[in-house]
Amino acid sequence: MRIAALISGGVDSAVAVHRLVEQGHDVSLFYIRIASDDGRGDCSAEEDLEMCRLIASRYGLPLDTVDLNKEYWESVMEYALRTVRQGLTPNPDIMCNRFIKFGYFEERRGYEFDYTATGHYARTLTDPADGLVYLATAPDPVKDQTDFLARISYRQLSHAMFPIGDLPKAEVRRMAVELNLPNARRRDSQGICFLGKINYNDFIRRHLGERPGPIIEIESGRKLGEHRGYWFHTIGQRKGLGLSGGPWYVVGKNIVDNAVYVSGGYGTLRQYGRTICLDEMHWITRDPWPDRCDAEPIVFKNRHMPEFIEATLTRLGQSRYVIESSQPVQGIAPGQFAVIYTPDRRICLGSGIITTDDPRHFKLTQPCQNESD
Ligand SMILES: Nc1ncnc2c1ncn2[C@@H]1O[C@H](COP(=O)(O)OP(=O)(O)OP(=O)(O)O)[C@@H](O)[C@H]1O
């Protein structure tokens, strides 16, 4: 088959290329170029590209660079800045997969090929019962990246291939060393997709500036210190508050008063919630419960983490849902995505955006409604 392989210069996509070649596919390599926004040039991209060239020459494959800078700024960076300015928590990785790696790249080059392959830790499964393709979790629970893919469309998923998704990271690294790949000992990329190369706080500061305001203890109303702008802080955050006598957790923000609210100690109730309201639900393959409004058993993640949380999911309106978690959940941050999985943790069904709605106003007994109601 003809495969477009997206490579970053990192070890995962290099081993993915090795596996595709080994399986006898006709592989073309693509590197997506995003310029850095700090005016300091783009040396890390040059280094990545050099690695990609070494991989290409090692396997005798064509390598092309695709410039998606403008598209990245319009669909990922502006979304991230808009979201933090609203006091919400963005997820640039999710947007990057949907709009860049499986979006604009597909429109520009990917469509010419049978499949587009990446080094993501995820799998695709075809269910013999309905013949449809599903996004399945990787066996390596720490590396599983299905949560970052939970917003891609069915069309994008059906055209995607994850050649290393069935391997544990340690095995991928071992293969790279054994194959003597040029990047075998390169350290893993950290942080947020292309933004991972720059300091996140610097990025926010450059675009939104600073706006000092009070840090307030939510229980007592006492001012404990100053922050440099509510957009630097996320609900659930513990580090970087600069307060003594912690631990302190961010539990709320008031963007009108520019106040950041914290709660001290371990496990105080303010830091937790069990009811999570969602909107803009996106099902990747299909709505598993199209005609039902019952509390369906699921597991979910509300941030990138290895553990799944057991819960029920109930539809309230066409795209509005509510999660009732079986255990208290720390750091429920509006704007973030709650990613929904089947109870056996095998299939990533989709995701909804956590809203600012007050969960106490959601009665699970309220009748299921359609959007037009
Ligand atoms: N600049 C890029 N150009 C093309 N594809 C990319 C680029 N950056 C990432 N990708 C693709 O997206 C996948 C997941 O990217 P992520 O940033 O999560 O890196 P990763 O898991 O550390 O993988 P790798 O080790 O390949 O960098 C990569 O394996 C690669 O297929």
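Residues numbered from 1 in each chain as written. Predicted model: local features only at pLDDT ≥ 70, side-chain atom pairs only at ≥ 80, totals over all residues. Heavy atoms only, no water.

1. Section: the pattern of salt bridges
- Under the definition given, this model contains 19 salt bridges.
- Between Arg 109 and Glu 112 there is a salt bridge; the shortest N-O distance is 3.0 Å.
- With relative accessibility at 24%, the residue Arg 109 sits in the partly exposed group.
- A salt bridge links Lys 223 to Glu 226; the nearest nitrogen and oxygen atoms lie 3.5 Å apart. The same class applies to Lys 223 as to Glu 226, namely exposed.
- One continuous salt-bridge network, built from bridges that share partners, spans Asp 202, Arg 205, Glu 210 and Arg 228. (Salt bridge = Lys/Arg side-chain N within 4 Å of Asp/Glu carboxyl O. Buried < 20%, exposed > 50% of the residue type's maximum accessible area, 1.4 Å probe, protein only.)

2. Quick look at the packing of helix α3 (residues 69-85) against helix α7 (residues 200-208)
- At a closest axis distance of 11 Å, the pairing of α3 and α7 adopts a crossing angle of 80 degrees. Relative to α7, the element α3 lies roughly perpendicular. Contact with α3, carried on its side by Trp 73, Met 77, Leu 81, Val 84 and Arg 85, involves Tyr 200, Phe 203, Ile 204, His 207 and Leu 208 of α7 and no other residues of that element.
- Within the contact of α3 with α7, the residues separate by chemical class into eight nonpolar, one polar and one charged. (Axes fitted to C-alpha atoms, helices over the stretch in contact; angles between N-to-C directions. Helix = DSSP H or I, 4+ residues; strand = E, 2+ residues; numbered from the N terminus. Parallel < 35°, antiparallel > 145°, perpendicular 65-115°, else oblique. Contact = heavy atoms within 4.5 Å. Nonpolar A, V, L, I, M, F, W, Y, C, P; charged D, E, K, R; others polar.)

3. Observations regarding the packing of aromatic side chains
- Under the definition given, this model contains eight aromatic pairs.
- Ring geometry for Phe 308 and Tyr 341: centres 4.9 Å apart, planes at 85 degrees, overall edge-to-face. Separated by 33 residues along the polypeptide, Phe 308 in the loop between β13 (296-301) and β14 (309-315) and Tyr 341 in strand β16 (residues 337-341) bring together distant segments of the chain. Assigned by exposure class, Phe 308 and Tyr 341 land together as buried.
- Ring pairing ties together the aromatic residues Phe 30, Phe 105 and Phe 113, which thus form one cluster.
- Note that Arg 2 overlies the ring of Phe 113, its terminal NZ or CZ placed 4.6 Å from the centroid.
- The lysine or arginine in question, Lys 301, covers the ring of Phe 308, its NZ or CZ lying 4.5 Å from the ring centre. (Phe/Tyr/Trp six-rings, centres within 6.5 Å; stacked < 30°, edge-to-face > 60°. Lys NZ or Arg CZ within 6 Å of the ring centre and 35° of its normal.)

4. A word on the UniProt feature "active site" (unreviewed entry) in the protein chain
- According to UniProt, the positions carrying the feature "active site" (unreviewed entry) are Cys 96 and Cys 193.
- As for its position among the elements, Cys 96 is in helix α4 (residues 92-108). (UniProt positions renumbered as here; feature names shortened; annotations may be inferred.)

5. Remarks on the sheet that holds strand β4 (residues 115-117)
- As summarised here, the arrangement of the five strands in space is β3-β2-β1-β4-β7, forming an open sheet in which the pairing is parallel. Of all the strands in the sheet, the pair left with one neighbour each is β3 (63-67) and β7 (160-161).
- In the sheet, β4 pairs with β7 via two bridges, with the strands oriented parallel. Looking at the pairing, Ala 117 lines up with Met 161 of β7. (Pairing = 2+ DSSP bridges.)

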